[in-house]
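Here is how the chains run, residue by residue.
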There are 2 protein chains.
Amino acid sequence: MELPEKIQKTVHMFSRLPGVGEKTAIRQTLSMTNWKREELIAFSEALKALSEIKHCKQCGMFADTEVCLICSNERRKESTTLCVVESITDCLAIERSGTFKGRFHILFGVLNPLLGIGPDELKLDQLQKRISEEGVKEVILAVNPSVEGDATCSYIKQILPESVLVERIGFGIPMGGSLEYVDALTISKAMENRRHL
Amino acid sequence: MELPEKIQKTVHMFSRLPGVGEKTAIRQTLSMTNWKREELIAFSEALKALSEIKHCKQCGMFADTEVCLICSNERRKESTTLCVVESITDCLAIERSGTFKGRFHILFGVLNPLLGIGPDELKLDQLQKRISEEGVKEVILAVNPSVEGDATCSYIKQILPESVLVERIGFGIPMGGSLEYVDALTISKAMENRRHL
């Protein structure tokens, strides 16, 4: 028997989420048919609200106000280091690690000529503007290692003034990782990035 | 950094779904922040529509009209066998197997005194009514094996007229299953249900 159209619509939507196939989507949708009407409407409203979410006008992070909590933090304003990341999720990951106390700048992607993503599609103008306006002295490029990521880093290095120190985060064997299972490229990076003890 | 309230609300809703923990819910919600506004609204509307889904007034299955596709199927109406199941998902599973060509009756649960589910909470009145009105001669109880399921089957056997043949689906080793890994209770059931070759 075919599921009614109303259910199929929701199944289709769920199956677009990362890690959700059709079977999981059907299971989730059917479990929701047992929810109370008010709960379903609350979920529906929450999704609608997502489309109204604001981004910080400085760094691009989620924000309830014009400027996000990180950018408006007085102590973080004092830092002259700016951490450049590809996406909001990367920014959240760094925040979770608790190792960076400056401000962020989110690019919303990396250069990718095949997908038609050039410098104008990324938040690079804003980056240049912020660096001159906010007195940034050091830029940490926390961009993921990939061909596109590498190209983006080279490009950023070129467009920034020479007075700014531009660095990229280190690559190598992850903590708890085992040489036996790590891929060859990571090992060669780790060899390259060896340090004196 | 705390996620904005709008995002946390959606995360909370996602984490109520089966198989979704907080981490997955965050991942799914963040991936949705990249969706277009129209897509989010379509998802939101689909969920709202779920609360308006109708059930077949005969068997309890999902239906776009008053009576579902199974109950309104002329060929299935001719069958005098009724298959009683606990839930819509169980009904869908039997339909997928393609082994039953009669009509269904969904109980929407099993007797469970601890959770306060007595005969009045299940669709038992309708079952009795249908059996007399629709000329049912055979009832297959496709109720899952559990203490509550067993009690429900005994109860149904008692309340149905003696002229009706009441059967329960067979239990034993699943196809492709291995005796080595199957639990002792299943093996004892399989021994009990042995058949002449």
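None of these values were measured; they are calculated from a predicted model.

Reading the values: the criteria
Residues numbered from 1 in each chain as written. Chains lettered and ligands numbered in written order. Predicted model: local features only at pLDDT ≥ 70, side-chain atom pairs only at ≥ 80, totals over all residues. Heavy atoms only, no water. Pairing = 2+ DSSP bridges. Helix = DSSP H or I, 4+ residues; strand = E, 2+ residues; numbered from the N terminus. Axes fitted to C-alpha atoms, helices over the stretch in contact; angles between N-to-C directions. Contact = heavy atoms within 4.5 Å. Parallel < 35°, antiparallel > 145°, perpendicular 65-115°, else oblique. Left-handed = near helix turned anticlockwise from the far one by under 90°. Buried area = accessible area lost by both parts, 1.4 Å probe. Salt bridge = Lys/Arg side-chain N within 4 Å of Asp/Glu carboxyl O. Polar contact = N/O pair within 3.5 Å; in protein donor to acceptor, adjacent residues only side chain to side chain. Nonpolar A, V, L, I, M, F, W, Y, C, P; charged D, E, K, R; others polar. Domains from an automatic or database assignment. Core = buried A, V, L, I, M, F, W, Y, C linked by side-chain atoms within 4.5 Å. Buried < 20%, exposed > 50% of the residue type's maximum accessible area, 1.4 Å probe, protein only.

**Concerning the sheet that holds strand E3 (residues 81-85) of chain A**
Residue and element names in this part refer to chain A.
Move 1: In space, the 4 strands of this open sheet follow the order E4-E3-E5-E6, with parallel pairing throughout. At either margin of the open sheet sits one strand with a lone partner, and together these are strand E4 (103-106) and strand E6 (165-168). This sheet shows a mean twist of 25° between the axes of neighbouring strands, independent of strand direction.
Move 2: Note that strand E5 (residues 138-142) and E6 share 4 bridges and pair parallel. The residue bridging Glu 138 from the neighbouring strand is Leu 165, located in E6.
Move 3: In the packing of helix H5 (residues 88-97) onto the sheet, contacts are made with E3, E4 and E5, and the angle to E4 comes to roughly 160°.
Move 4: Against the sheet, helix H6 (residues 124-133) touches E3, E4 and E5, its axis set at about 155° to E4.

**Observations regarding the packing of helix H3 (residues 37-50) of chain A against helix H1 (residues 5-14) of chain B**
Move 1: Running from amino to carboxyl end, H3 of chain A crosses H1 of chain B at an angle of 140°, the nearest separation of the two axes being 9 Å. Accordingly, the angle class assigned to the pair H3 of chain A and H1 of chain B is oblique. In the crossing of H3 of chain A with H1 of chain B, the sense of the turn from one axis to the other is left-handed. Each of Glu 39, Ala 42, Phe 43, Ala 46, Leu 47, Ala 49 and Leu 50 of chain A in H3 of chain A lies in contact with H1 of chain B, whose residues at this interface are Lys 6, Ile 7, Lys 9, Thr 10, Met 13 and Phe 14 of chain B.

**Re the interface of chain A and chain B**
Move 1: Of the residues lining the interface, 47 residues belong to chain A; the matching set on chain B comes to 47 residues.
Move 2: Summed over both sides, the interface between chain A and chain B buries roughly 4,800 Å², with carbon and sulfur atoms accounting for 74% of that surface.
Move 3: Here chain A is connected to chain B by 4 salt bridges.
Move 4: Here Glu 39 of chain B makes a salt bridge to Arg 16 of chain A, at a shortest N to O gap of 3.4 Å.
Move 5: In this structure, the connection of chain A to chain B is made through 7 residue pairs in polar contact (both at pLDDT 80 or more).
Move 6: With 13 residues, the single largest contributor to the side of chain A that touches chain B is H3 of chain A.
Move 7: The class makeup of the residues in the side of chain A that touches chain B is 26 nonpolar, 9 polar and 12 charged.

**Some remarks on the domain arrangement of chain A**
Move 1: Split into domains, chain A comes out as domain 1 (5-50) and domain 2 (55-192).
Move 2: Once you take the C-alpha centre of each, domain 1 of chain A and domain 2 of chain A turn out to be 34 Å apart.

**Considering the nonpolar core**
Move 1: Membership of the largest hydrophobic core comes to 69 residues, with the highest contact counts inside it found for Phe 14 and Met 61 of chain A together with Phe 14 of chain B.
Move 2: Ignoring anything within four residues of it in the chain, the contact list for Phe 14 of chain B reads Phe 14, Leu 17, Phe 43 and Leu 47 of chain A together with Val 20, Ala 25, Gln 28, Thr 29, Met 32 and Phe 43 of chain B.

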